[in-house]
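Spelled out from the first residue to the last, the chains are:
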Amino acid sequence: MYQLAPNIELLFTEAGDYHDRVRAAAASGFTAVEMWGPTGADAPSTPKDLPALKAALEETGSQLTAQLSEPRTQFMIPPWDHSEFYRKLDEGVEIAHFLGTPRIVVGSGTGFGGWKRQVQLDKLIEIYQKAIAQIEGSGITLVLEPVNVRVDHPGSLLDRTSEGVYVARGVDSPFFGVLYDLYHSTVEGEDVAAELANAGDIIRYVQIADAPGRGEPGTGEIDWPASLALLRSSGYDGPIGLEYYPQTASAESVAYIRGLAESA
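Not measured: the values here are computed from a predicted model.

Reading the values: rules and limits
- Residues numbered from 1 in each chain as written.
- Predicted model: local features only at pLDDT ≥ 70, side-chain atom pairs only at ≥ 80, totals over all residues.
- Heavy atoms only, no water.
- Helix = DSSP H or I, 4+ residues; strand = E, 2+ residues; numbered from the N terminus.
- Rg over C-alpha atoms; globule rule 2.2 N^0.38 Å.
- Areas by Shrake-Rupley, 256 points an atom, 1.4 Å probe, with all protein chains shown as cover.
- Lys, Arg positive; Asp, Glu negative; His and termini not counted.
- Charge placed at Lys NZ, Arg CZ, Asp CG, Glu CD.
- Core = buried A, V, L, I, M, F, W, Y, C linked by side-chain atoms within 4.5 Å.
- Buried < 20%, exposed > 50% of the residue type's maximum accessible area, 1.4 Å probe, protein only.
- Contact = heavy atoms within 4.5 Å.
- Salt bridge = Lys/Arg side-chain N within 4 Å of Asp/Glu carboxyl O.
- Pairing = 2+ DSSP bridges.
- Axes fitted to C-alpha atoms, helices over the stretch in contact; angles between N-to-C directions.
- Right-handed = clockwise from strand over helix to strand, strands pointing away.
- Polar contact = N/O pair within 3.5 Å; in protein donor to acceptor, adjacent residues only side chain to side chain.

**Q** Help me understand the overall build of the protein, please; the structure alone is not making it clear to me.
**A** Counting its regular elements, the protein contains 10 helices and 9 strands. For a compact globule of 264 residues, the expected C-alpha radius of gyration is about 18 Å, and the protein comes in at 18 Å, within 12% of that figure. For the protein, the spread of C-alpha atoms along the three principal axes comes to 45 × 40 × 30 Å. For the protein, the accessible surface area stands at approximately 11,000 Å², while carbon and sulfur atoms represent 52% of it. In the protein, the 19 positive side-chain charges and the 37 negative ones have mean positions that sit 4 Å from each other.

What follows is the structure, given as structure tokens:
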């Protein structure tokens, strides 16, 4: 059975603030949740109440499976200065420890204008090798997320799972891997079976939404029984983040995928 982690930026918003969404998810039977940036969806203008969030997680016994790094898409040259990313990474690790989060999600940014793609990917390897060295001993895993550029993230550098895998293998650390988002992969027209076979155990986290539309599983065209079977056969047995825009009430929207996850 896969552990599902509703994204509290998008799900259980009916409950109110973030800590109340944790309680609502727990009341619906979930043992885990995920979120975006630790300081708010529109960071830093809407900061999260981290002590209240921690209290809700501890009260319900819920695991916060992942949080985003801040700033998320800063790697564009020029400028060459990435000091803000590294500074905020230390803050992110502190927050992750405070909330008991084992993973921080990182991205590629918009790339390095005018450079060959291979050079840009190798530059990402350098950036994240430095990041891993900086947080050595923290126990936090960084997961790199390729995203689709066709619908949601135009201009992003990393839009191919295989290139995320290339970067992760180049970083070569047990505390660095790939976030495989089935929605982004599908929108990019990738062959899910082939991508999972190529990635192997470099995948350290998974998120899902249906496509097209980015709604809950069952609202689009993805074959979810087959997709979960592929995921299982690839060897991935970690949590799955539910990062979708619900088309119905949150508790209702999770029913289909929860049923499949129980037997996957």
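**Q** How should the nonpolar core be read in this particular structure?
**A** Within soluble globular proteins, side chains that are nonpolar tend to cluster in buried spots. Counting 81 residues, the largest nonpolar core has Leu 53, Tyr 128, Leu 142, Phe 176, Ile 240 and Leu 242 as the members making the most contacts within it. Those residues in contact with Leu 53 that sit more than four places away from it in its chain are Ile 8, Tyr 18, His 19, Val 22, Met 35, Lys 48 and Leu 99.

**Q** What am I meant to see in the pattern of salt bridges here?
**A** If the charged atoms of two oppositely charged side chains come close together, the side chains can form a pair. Counted by the stated rule, this structure contains 14 salt bridges. Residues Glu 91 and Lys 88 are paired through a salt bridge, measuring 3.2 Å at the closest nitrogen-oxygen approach. Here the residue Glu 91 and the residue Lys 88 both occupy positions in helix α3 (residues 83-99), the gap between them amounting to 3 residues, near one helical turn. Here Glu 188 makes a salt bridge to Arg 150, at a shortest N to O gap of 3.7 Å. With a gap of 38 residues between them, Glu 188 in the loop between α6 (182-187) and α7 (192-199) and Arg 150 in the loop between β6 (141-144) and α5 (161-171) connect regions that are remote in the sequence. When its relative accessible area of 57% is taken as the criterion, Arg 150 is described as exposed.

**Q** Honestly, the sheet that holds strand β5 (residues 103-106) in this entry has me stumped. Any pointers?
**A** Note: strands within a sheet are paired through backbone hydrogen bonds, in either parallel or antiparallel orientation. The strand order across the open sheet formed by 7 strands is β1-β9-β8-β7-β6-β5-β4, and the pairing between neighbours is parallel. The open sheet has two edge strands, β1 (4-6) and β4 (67-68), and neither has a second partner. Both strand β7 (residues 176-181) and strand β8 (residues 203-208) contribute to a ladder of 4 bridges, which runs parallel. When the sheet's bridge partners are listed, Asp 181 is paired in β8 with Gln 207. Against the sheet, α5 engages β6 and β7, with an angle of about 165° to β7.

**Q** Please explain the pairing of β7 as it appears in this structure.
**A** Regular strands place their side chains on alternate faces of the sheet. Most of β7 sits out of view: 6 of its 6 residues are buried. Pairing between β6 and β7: 3 bridges, direction parallel. Residue pairing in the sheet places Leu 142 in a bridge with Phe 176 of β7. Handedness of the crossover joining β6 and β7 through α5: right-handed.

**Q** Explain the side chain of Arg 21 here, please?
**A** The residue Arg 21 is located in helix α1 (residues 18-27) in this model. One polar contact links the side chain of Arg 21 to the main-chain carbonyl oxygen of Gly 16, over a distance of 2.7 Å. The residues contacting Arg 21, other than those within four sequence positions of it, are Ile 8, Glu 9, Leu 11, Phe 12, Thr 13, Ala 15 and Gly 16.

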